[in-house]
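Each chain is listed here by its residues.
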Amino acid sequence: MSTNVAPRMIELVHVERSFRRADGTDVKAVNDVSFVIPEGEFVCLVGPSGCGKSTLLQMLAGLLEPSDGDIVVGNKPVTGPGPDRGVVFQKDSVFPWMRVIDNVEYGLKCRGVPAAERREIAWTYLKHVGLSHVERAWPRELSGGMLKRVAIATVFANGGRVLMLDEPFGALDYVTRHQLQDVLLNLWNADGAGTRRTVIFVTHDVDEALSLADRIMVFRSGNKVDDIAVKVSRPRTTDSLLLPEMVEIKRKLLHHLGLDHAAGLDAVADEAVA
Amino acid sequence: MTTVTATVKAAPRRVRPLRLFAYGLAAALDPLRLAGLVVFALIWEGLSSVLSTIILPPPQNVVARLWTDFLDAPSLSYYGVANPNLYANLLYTAENVVIAVAIGAAIGIVAGLVSARFSLVRAIINPVMMTAGTVPILIAAPFLLIWFGVGRLSAVCLVIFYVTVILYLFAQRAASNVSPIYEEFARTLGASQRQIVVDLLIPATVPEILGGLRIALAGAWGLEAVSELLGSQEGMGKVLEVLAGATDSEGIMASLLLLGLVAIIVDAIAGWAVKRLASWNAGLSSERN
Ligand SMILES: Nc1ncnc2c1ncn2[C@@H]1O[C@H](COP(=O)(O)OP(=O)(O)OP(=O)(O)O)[C@@H](O)[C@H]1O
Ligand SMILES: [Mg+2]
């Protein structure tokens, strides 16, 4: 056993999922997907809308059963949801009837963590996402981006070893999005490389994937079509995206997304016209 | 010694209804409502000056009559009403309403929530409740009289039946309106089934259920009074029946006025409770701001 190989955290073997639509047609949302993710890795899933990313996360979370194949997380087959796998959903999931701080500590409360201790933990994560000033607010008083941050704080506070985030920053402005990317990376990296949690991060944004991921998996209509390691060292800046290695990966990603010529100058010209 | 402890214990209990009453009164006395009342009283006054007092007694007579009858209405005892005043009869009616609403709400809410969560239960209960919801409630009255006689039980059962159906429908709709995402999120956070019911299902449905309770409460007053018309020995319904027999328009209107006032105050208290218990919900809490 070599010491520098992290134990496998997530393993998918020939996983499939189909849906029957109301009109009777079958949709294969996830088609024969297999991969292994070692503990502590930061993985981004990219792919066009409707390619099955959310469906895959739901199966990993245990909220949806695969039609076929096996999913193992932390050496246990997934049979249902559990606090070892936190999910920041694509849709808003913050409970409107609990104050912000009560939302953040809810998972801890469910598992019987004493009140003072869980308040402390919740408060720490609320501070990390920059929301300590609204701890007593009702969710209806917050903006969409603030709600996303509450969800992120809730999931992090709950302490799962696997975190899944489904387009968490999709609805945010450029500045907030970059701030939250840093927050996420800091939370992930808080206690050094040995104790990192495993993160699966779904995004549409190629640059976001490049600046966050150790590894990028590309999906297209239910199939995993590529699996790219991003070895560029951290912390990454906007300049890191200009490294030849990064440009090469970006070109590959854009090719998968059907935007071959977009990486060149003509894309800039297009934008100027539009 | 026993009396001392009894009064000491009773004291804090008395405060709550009084405070609630004060809140209710404050809410009932908002300017727009008052303006409406004044207009209503003026029209009434105008009409009564044209019509004879038997058909429409003037408002000040009715108010004066309510004032005296409230504590002492000797004429009622001639007609066999057990307590010859409005106060005791109002209390009797109120007691029945409270009992019936408490029981009916408990059954209706539990049944509604359970049926929203379990499709098997829903398949069984839904048709019954839906049918019951479309039947005019007074149709059931003769059966209740046959089963339970003309006493208190019939009236209370009728109101329980009504409240149960309304709250079943409200609770069931409220629970089906809760987005499944909350339950999914809670399960990924590690919530048990019991925690999902206590921390999600109940708080999420409280605003809509309280709204239903308010509607049921308003209906329950009327229904209780109407069912007392059918052979009860006490209650506001009995009083109205007796006064109608004596063509005492003034007395009837005084009793109706009392019922109306109580209904307004009860509704205001219920509204205040909704606001307090569902302050997270902007739609409901801003309604009265
Ligand atoms: N409950 C469902 N019933 C029927 N079809 C479904 C259901 N859920 C997903 N699908 C279908 O499965 C496919 C994948 O959906 P999924 O939500 O996983 O896409 P996605 O990659 O997350 O897209 P986006 O980036 O837009 O969020 C889509 O074609 C969708 O229509
Ligand atoms: Mg999705």
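Our subject is the structure listed above.
This section reports on the structure supplied with the text. Because the structure is a prediction, the values reported are computed rather than measured. Position labels on residues start from 1 in each chain and follow its written sequence. Here every chain gets a letter starting at A, and every ligand a number starting at 1, in the order they are written. Reporting of local features is limited, given that this is a predicted model, to residues whose pLDDT is at least 70; pairs of side-chain atoms are given and counted only at 80 or more, and all residues count toward the totals for whole chains, interfaces and linings. In computing side-chain properties, one takes all heavy atoms of the structure into account and sets aside hydrogens as well as water.

### So, the pairing of strand S7 (residues 162-166) of chain A
All names here are of chain A. What counts here: Note on classification: 1.4 Å probe, protein chains only; a residue is buried when its accessible area is under 20% of the maximum for its type, exposed when over 50%, partly exposed between these limits. Each helix is a run of H or I in the DSSP string that is no shorter than four residues. Each strand is a run of E no shorter than two, and both are numbered from the N terminus. When DSSP locates at least two bridges between a pair of strands, those strands are taken to pair. The path from the first strand over the helix to the second decides the hand: if it runs clockwise while the strands point away from the viewer, the crossover is right-handed.
When you tally the buried positions in S7, you get 5 out of 5 residues, the bulk of the element. Relative to S7, strand S6 (residues 85-88) runs parallel, the two being bridged by 4 bridges. Within the sheet, the bridge partner assigned to Val87 lies in S7 and is Met164. Pairing geometry for S7 and strand S8 (residues 198-202), over 5 bridges, is parallel. When the bridges of S8 are listed, Met164 appears paired with Ile200. Between the parallel elements S7 and S8, the chain passes through helix H6 (residues 174-189) in a crossover that is right-handed.

### Some thoughts on the pattern of salt bridges
Two side chains carrying opposite charge are able to pair once their charged atoms lie near each other. Residues and elements named next belong to chain A. Applicable threshold: The rule for a salt bridge is simple: a side-chain nitrogen of Lys or Arg has to be within 4 Å of a carboxyl oxygen of Asp or Glu.
Inspection of every chain in the model, using the stated rule, returns 23 salt bridges over all chains. Here Arg215 makes a salt bridge to Glu41, at a shortest N to O gap of 3.0 Å. Of this pair, Arg215 sits in strand S9 (residues 215-220) while Glu41 sits in the loop between strand S2 (26-38) and strand S3 (42-46), and the two are 174 residues apart along the sequence. Several salt bridges converge on common partners, so that one network encompasses Glu41, Arg215, Lys224 and Asp227.

### Thoughts on the coordination of the magnesium ion (ligand 2)
All names here are of chain A. Put simply, the rule reads: Donor atoms: N, O and S within 2.8 Å of the metal, or within 3.2 Å for Na, K and Ca. Because water is excluded, sites can look incomplete.
Only Ser54 (OG) and Gln90 (OE1) from the protein coordinate the magnesium ion (ligand 2), and they sit 1.9 to 2.3 Å from it. Highlighted residues: Ser54 in helix H1 (residues 53-61) and Gln90 in the loop between S6 and helix H2 (100-104), separated in sequence by 36 residues. By relative accessible area, which is 25% here, Ser54 ends up partly exposed. Relative accessible area serves as the criterion here: at 39%, Gln90 is assigned to the partly exposed category.

### Things to note about the environment of Leu257 of chain B
All names here are of chain B. What counts here: The contact criterion used is simple: two residues touch if any of their non-hydrogen atoms lie within 4.5 Å.
With respect to the element layout, Leu257 can be found in helix H12 (residues 249-277). For the pair Leu257 and Ser115, spaced 142 residues apart in the sequence, the C-alpha separation amounts to 40 Å. When sequence neighbours within four positions are dropped, the list of residues in contact with Leu257 reads Val62, Val63 and Leu66.

### Regarding the site of ligand 1
Residue and element names in this part refer to chain A. What counts, and what does not: Residue proximity to a molecule or strand is established when one non-hydrogen atom of the residue lies within 4 Å of it. Throughout this description, a polar contact denotes any pair of N or O atoms lying within 3.5 Å of each other; where both atoms belong to protein, one of them has to be capable of donating a hydrogen while the other can accept it, and for residues adjacent in sequence the pair is counted only when both atoms sit in side chains. Classification convention: Asp, Glu, Lys, Arg as charged; Ala, Val, Leu, Ile, Met, Phe, Trp, Tyr, Cys, Pro as nonpolar; all other residues, Gly among them, as polar.
Neighbouring residues of ligand 1: 14 residues in total, closest Ser49, Gly50, Lys53, Ser54 and Thr55. Ser54 is positioned with one of its side-chain polar atoms (N or O) 2.7 Å from an oxygen atom of ligand 1. One of the side-chain nitrogen or oxygen atoms of Gln90 is found 2.9 Å away from an oxygen atom of ligand 1. Going through the elements one at a time, S2 and H1 are the ones with two or more residues in the shell around ligand 1. At 3 residues, the largest contribution of residues to the shell around ligand 1 is made by H1. Of the residues contributing to the shell around ligand 1, the split by class is 4 nonpolar, 7 polar and 3 charged.

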